[in-house]
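Summary of the model geometry
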Amino acid sequence: QLQLVESGGGLVQPGGSLRLSCAASGFSLGDYVIGWFRQAPGKEREGVSCISSNGDNTDYADSVKGRFTISRDSAKNAVYLQINSLKPEDTAVYYCAAEYGPYLSFCWMRPPYDSWGQGTQVTVSS
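Report on the accompanying structure.

What counts as what
Residues numbered from 1 in each chain as written. Predicted model: local features only at pLDDT ≥ 70, side-chain atom pairs only at ≥ 80, totals over all residues. Heavy atoms only, no water. Salt bridge = Lys/Arg side-chain N within 4 Å of Asp/Glu carboxyl O. Buried < 20%, exposed > 50% of the residue type's maximum accessible area, 1.4 Å probe, protein only. Helix = DSSP H or I, 4+ residues; strand = E, 2+ residues; numbered from the N terminus.

Concerning the pattern of salt bridges
This structure, assessed with the given rule, holds four salt bridges. A salt bridge links Glu46 to Arg38; the shortest N-O distance between them is 2.7 Å. Linking Asp62 and Lys65 is a salt bridge whose minimum nitrogen-to-oxygen distance equals 3.2 Å. The class of Lys65 is partly exposed, set by a relative accessible area of 48%. Residues joined by salt bridges that share partners form a network here, namely Arg38, Glu46, Arg67 and Asp90.

As for unusual backbone geometry
With an omega of 15°, the peptide bond between Pro111 and Pro112 qualifies as cis. For Asn77, which is not glycine, the phi torsion reads 50° and is therefore positive. By secondary structure assignment, the location of Asn77 is in the loop between strand S7 (68-73) and strand S8 (78-83). According to the relative accessible area criterion, Asn77 is buried, its value standing at 17%. Backbone geometry at Tyr103 places phi at a positive 70°, although glycine is not the residue there. Of note, Tyr103 is situated in the loop between strand S9 (92-100) and strand S10 (115-116). Residue Tyr103 is classed as exposed on the basis of its relative accessible area, which comes to 74%.

Function cannot be inferred from these measures alone, as they are strictly geometric.
The following block contains the structure:
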């Protein structure tokens, strides 16, 4: 199992923004399909976004399209999720997930994924 280090969560007001990061050490995230998921208390984990290993393709849940953006920074060996125009219903623990698959041109927003991060809390409240 890969070790993924997440950061960037916090408490923000409605309409605010955060940048969540998912980083790894000892392997290249460029060889992995990456997904972002979130889970609110009492609810099932849901896919939010994903990015293919080659970086050419991304996908977003309908509820976040136009507000969230996933990207890769190969120099920092990291994947980011920029989350903007936040709403209270975005409150959840956000997880990144990775599965080895070099050169894949697609991604997916539901399990299975081989590895999961520890999660970072995002709370949107006045």
